[in-house]
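Reading the structure
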Amino acid sequence: VAGIAPIGGFQEDGCDRVAFHRGRAFLALNRREEAWEATVDTGLQPGLYCNIAVSDSPDACPVIRVSATGTASFQVPPVGAVALHRRAVPQAGRVAGEALAAQPEEPEAGARVVEGVAGAAGAPEAVRAAPAGGAQGAGGSAP
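This text gives an overview of the structure that appears in the document. Keep in mind that what you see is a predicted model, and the values were worked out from it rather than measured.

1. Digging into the packing of aromatic side chains
Across all of its chains, the model carries one aromatic pair by this definition. Aromatic pair F26 and F74: ring centres 6.1 Å apart, planes at 75°, arrangement edge-to-face. Of this pair, F26 sits in strand β3 (residues 25-30) while F74 is found in strand β7 (residues 71-76), placing the two residues 48 residues apart along the sequence. The same class applies to F26 and to F74, which are both buried.

2. A word on the pattern of salt bridges
One pass over the full model with this rule turns up two salt bridges. Two residues, R17 and D13, come together in a salt bridge whose shortest N-O distance is 3.4 Å. Under the relative-accessibility criterion, R17 is labelled buried at 7%. Taking the relative accessible area as the measure of exposure, D13 reaches 31% and is therefore partly exposed. Where R31 meets D16, a salt bridge forms, and the shortest distance between an N and an O atom there is 2.7 Å. One end of the pair, R31, is in the loop between β3 and β4 (36-41); the other, D16, is in the loop between β1 (7-12) and β2 (17-22), and 15 residues separate them in sequence. Since its relative accessible area comes to 22%, D16 is described here as partly exposed.

3. Concerning the state of the cysteines
Applying the stated criterion to the full structure yields one disulfide. Note that C50 is cross-linked by a disulfide to C61, the S-S spacing being 1.9 Å. Residues C50 and C61 share a disulfide whose torsion about the S-S bond is about -60°; that sign makes it left-handed. Placement of the pair is C50 in strand β5 (residues 47-50) and C61 in the loop between β5 and β6 (63-66), with a sequence separation of eleven residues. Here the two residues C50 and C61 agree in accessibility, since each one is buried.

4. Comments concerning the nonpolar core
Within the largest apolar cluster, 16 residues are counted, with the highest numbers of intra-cluster contacts made by F26, A28, F74, V76, V82 and L84. Of all the secondary structure elements, the ones that give two or more residues to this core are β3, β4, β6, β7 and β8 (80-85). Sequence-distant contacts of L84, defined by excluding residues within four places in its chain, comprise R24, A25, F26, T42, L44, Y49, C50, N51, I64 and V66. Core analysis: the second largest hydrophobic core is formed by eight residues, F20, L27, C50 and A81 among them.

Basis of the calculations
- Residues numbered from 1 in each chain as written.
- Predicted model: local features only at pLDDT ≥ 70, side-chain atom pairs only at ≥ 80, totals over all residues.
- Heavy atoms only, no water.
- Phe/Tyr/Trp six-rings, centres within 6.5 Å; stacked < 30°, edge-to-face > 60°.
- Helix = DSSP H or I, 4+ residues; strand = E, 2+ residues; numbered from the N terminus.
- Buried < 20%, exposed > 50% of the residue type's maximum accessible area, 1.4 Å probe, protein only.
- Salt bridge = Lys/Arg side-chain N within 4 Å of Asp/Glu carboxyl O.
- Disulfide = S-S within 2.5 Å.
- Core = buried A, V, L, I, M, F, W, Y, C linked by side-chain atoms within 4.5 Å.
- Contact = heavy atoms within 4.5 Å.

Listed below in C-alpha cells is the structure:
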C-alpha cells in the first residue's frame, strides 16, 4: 500500500508521539504510558477506515473517521498505535449513513500490495484503539 512513496505529513507531540503517512497508509505511534488524544493529518481520502493495529476484520475492527480535509481525531493508547490504509474499510452498511473510504480500482504505480489485509471502519468519531502490547515483538511490518 505504501510502495515507494516518501514519508509525508510527519507530526510529533514530543519525541515519544509521532504520526505520518506514506502512500495510502497512515501510522500514529505513542511510546508514553498515557493515552494520546490526537488530531492529525492522515493523508487519506475522506471516509471510514479500520484501525488495523487492532483488527483488520471488516465487521469488527475499530473505526476511524477521516474528514474531508484528511484529518482524523482519535485516541492512541498508551504504548500503542493506530494504523490505517486505503484498503482497510468497514463492511458496507456497518455504520448507518456513513460513506466508506473511496477504493481505487488499481494500486498506485510502484505500490506494494499486501494481500489478505481486509479492513473496516464504523465507530464513533473518537475511537479507542487497543494497546499494542499483544503485537510487541511480533516482527511484522506496517502496511
